[in-house]
Amino acid sequence: MKKSIFLCSICNISSGSCAEDCGFCTQSAHHHADIERYKYKPIDQIVFEAKSAASNGALGFCLVTSGLGLDEKKLAFVTEAARAVRSALPEIHLIACNGMANIEQLRALKEAGVNSYNHNLESSKEFYKTICTTHTWESRYETCLHVKESGLFLCSGGIFGLGESKEDRASFIESVKSLSPETMPLNFYIQNPALPLKANPLSETEALEIITQVRAALPNTRLMVAGGREITFVSPNCDIFAAGADAIVIGDYLTTKGELPKKDREMIERLGYDIAISCHA
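Residues numbered from 1 in each chain as written. Predicted model: local features only at pLDDT ≥ 70, side-chain atom pairs only at ≥ 80, totals over all residues. Heavy atoms only, no water.

Per an unreviewed UniProt entry, the protein goes by Biotin synthase and derives from Sulfurospirillum multivorans. Regarding the protein, the relevant UniProt record gives this comment under Catalytic activity (unreviewed entry): "(4R,5S)-dethiobiotin + (sulfur carrier)-SH + 2 reduced [2Fe-2S]-[ferredoxin] + 2 S-adenosyl-L-methionine = (sulfur carrier)-H + biotin + 2 5'-deoxyadenosine + 2 L-methionine + 2 oxidized [2Fe-2S]-[ferredoxin]". Database annotation for the protein, UniProt heading Pathway (unreviewed entry): "Cofactor biosynthesis; biotin biosynthesis; biotin from 7,8-diaminononanoate: step 2/2." (UniProt positions renumbered as here; feature names shortened; annotations may be inferred.)

Given below as structure tokens:
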């Protein structure tokens, strides 16, 4: 039986002007990156993007907002968007990614039709303080615990190639493992001239080894290769799925361009895999 690859799409529904100083993020107001900024994307545009993603085979659709976390107004907007997408696409696996959140807020998202909550640890507890000073790694871990208590599925991963050591990577993977997330996104750092973190590009071989390492540690978790995939895995026959991945993000990311969905579908089929038609495939 062929391995089935889960496709997901992300939608930046509130972009830029974040007060946090995460050194890897172009949405931080500290770094003045040249990106599009807007408070809230129109609901009809969000629904249009969700339908477009679904037409390209995406089973998952993620509503992402910039900023430290949820407040009353942002929660109201995300729940409105979630209900609109759920109404238009009853079968979509709906994900929210809105920063720090308490159990009450997460339950409100669940009630609005959200299935999963994405909150990344990003890196190891030891390394995180060197790339962000405005909030703690521990606060991120706490939100992940809130997600599990709220009844939502947890999606939690991070970024490789930030300058972390192999020991940091091992510590980070063990921390994610302790949360037993349903999905773990694996991002690879995309350097931007405005960011304080300089490029620490991983070789394709090293990145494939990371996927294999994560798969060994989390055998029952969906591993989703996301940001940086297009610049990290460049060989025509590079097979991230043989290394252990079973999901990818298609289309554009938050502030960077992704591959055309058609090309990703062709790549999956060329490598001999099926495209998942069910979240449980």
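**Q** Honestly, the environment of Trp137 in this entry has me stumped. Any pointers?
**A** Of note, Trp137 is situated in helix 5 (residues 137-150). For Trp137, a relative accessible area of 7% translates into the label buried. Linking Trp137 and Cys155, residues 18 residues apart in sequence, is a C-alpha distance of 16 Å. Setting aside anything within four residues of it in sequence, one finds Trp137 in contact with Leu121, Ser123, Ser124, Lys125, Tyr128 and Ser175. (Helix = DSSP H or I, 4+ residues; strand = E, 2+ residues; numbered from the N terminus. Buried < 20%, exposed > 50% of the residue type's maximum accessible area, 1.4 Å probe, protein only. Contact = heavy atoms within 4.5 Å.)

**Q** Looking at this structure, I do not really get the packing of aromatic side chains. What am I missing?
**A** Here a ring pair, both rings aromatic, is described through the centre-centre distance and the interplanar angle of the planes. Enumeration according to the criterion identifies six aromatic pairs in this entry. Seen in terms of ring centroids, Trp137 and Tyr141 are 5.4 Å apart; in terms of plane orientation they differ by 25°. Their pairing is stacked. Linking Trp137 with Tyr141, this pair stays in helix 5, spanning four residues, or about one helical turn. Following the ring pairs from residue to residue traces out a cluster consisting of Phe160, Phe172, Phe188 and Phe233. (Phe/Tyr/Trp six-rings, centres within 6.5 Å; stacked < 30°, edge-to-face > 60°.)

**Q** What exactly am I supposed to notice about the packing of helix 5 against helix 6 (residues 166-179) here?
**A** Helices that pack against each other are described as a pair by the angle of their axes relative to one another and the distance between those axes. At a minimum axis separation of 10 Å, helix 5 and helix 6 run at an interaxial angle of 25°. The pairing of helix 5 with helix 6 is recorded here as roughly parallel in orientation. In this structure, the crossing between helix 5 and helix 6 has a hand that is right-handed. Listed contacts from helix 6 to Trp137, Tyr141, Cys144, Leu145 and Lys148 of helix 5 are Ser175, Ser178 and Leu179. Residues that form the contact of helix 5 with helix 6 fall into these classes: five nonpolar, two polar and one charged. (Axes fitted to C-alpha atoms, helices over the stretch in contact; angles between N-to-C directions. Parallel < 35°, antiparallel > 145°, perpendicular 65-115°, else oblique. Left-handed = near helix turned anticlockwise from the far one by under 90°. Nonpolar A, V, L, I, M, F, W, Y, C, P; charged D, E, K, R; others polar.)

**Q** Sorry if this is basic, but what is going on with the packing of helix 6 against helix 7 (residues 204-217) here?
**A** Where helix 6 meets helix 7, the closest approach of the two axes is 10 Å, and the angle between their N-to-C directions is 35°. Of the two possible hands of crossing, helix 6 and helix 7 adopt the one that is right-handed. Across from Arg169, Ala170, Ile173 and Lys177 in helix 6, the residues of helix 7 making contact are Glu206, Ile210, Gln213, Val214 and Ala217. Looking at the contact of helix 6 with helix 7, its residues break down into five nonpolar, one polar and three charged.

**Q** How should the side chain of Ser9 be read in this particular structure?
**A** Inspection of the secondary structure assignment puts Ser9 in strand 1 (residues 4-14). In this structure Ser9 comes out as buried when scored by relative accessible area, which is 10%. Look past the residues within four positions of Ser9 in its chain and what remains in contact with it is Ala53, Ala58, Gly60, Phe61, Cys62 and Ile250.

**Q** Would you mind showing me how to read the UniProt feature "binding site: [2Fe-2S] cluster" (unreviewed entry) in the protein here?
**A** With numbering matched to this structure, UniProt assigns "binding site: [2Fe-2S] cluster" (unreviewed entry) to Cys62 and Cys155. In summary, the annotated positions, though distributed over 94 residues, converge in three dimensions, the widest C-alpha pair being only 10.7 Å. Residue placement: Cys62 occurs in strand 2 (residues 60-65). Those residues in contact with Cys62 that sit more than four places away from it in its chain are Ser9, Ile10, Cys11, Ile95, Ala96 and Cys97. Relative to the helices and strands, Cys155 is located in strand 5 (residues 153-155). What makes Cys155 buried here is its relative accessible area of 9%. Discounting chain neighbours no more than four positions away, the residues touching Cys155 are Tyr117, Asn118, His119, Asn120, Thr183 and Pro185.

**Q** What's the story with the nonpolar core in this structure? I'm lost.
**A** A general trend in soluble globular proteins is that nonpolar side chains are found buried together. Of all hydrophobic cores here, the largest spans 75 residues; its most connected members are Ile46, Phe61 and Phe241. If you tally residues by element for this core, the top one is helix 2 (residues 72-88), at six residues. Counting residues in each nonpolar core, the second largest holds 14 residues, with Cys62, Met224, Ala226 and Ala247 among its members. (Core = buried A, V, L, I, M, F, W, Y, C linked by side-chain atoms within 4.5 Å.)

**Q** Would you explain the environment of Asn12 in this entry?
**A** Mapping Asn12 onto the fold places it in strand 1. By relative accessible area, which is 5% here, Asn12 ends up buried. When the C-alpha atoms of Asn12 and Lys41 are compared, they prove to be 7.9 Å apart, with 29 residues separating the residues in sequence.

**Q** In this structure, what is going on with the pattern of salt bridges? I would like to understand it.
**A** A pair can form between side chains of opposite charge whenever their charged atoms are brought close. Considering all chains together, one arrives at nine salt bridges under this definition. We note a salt bridge from Arg215 to Asp246, for which the minimum N-O separation is 3.3 Å. Residue Arg215 is found in helix 7, and its partner Asp246 is found in the loop between helix 9 (240-243) and strand 9 (247-249); the two are separated by 31 residues along the sequence. Neither residue differs from the other here; Arg215 and Asp246 are each classed as buried. A salt bridge links Arg229 to Glu230, with the shortest nitrogen-to-oxygen separation between them at 3.5 Å. Ionic contacts of the salt-bridge type, sharing partners, join the residues Glu164, Arg169 and Glu206 into one network. (Salt bridge = Lys/Arg side-chain N within 4 Å of Asp/Glu carboxyl O.)

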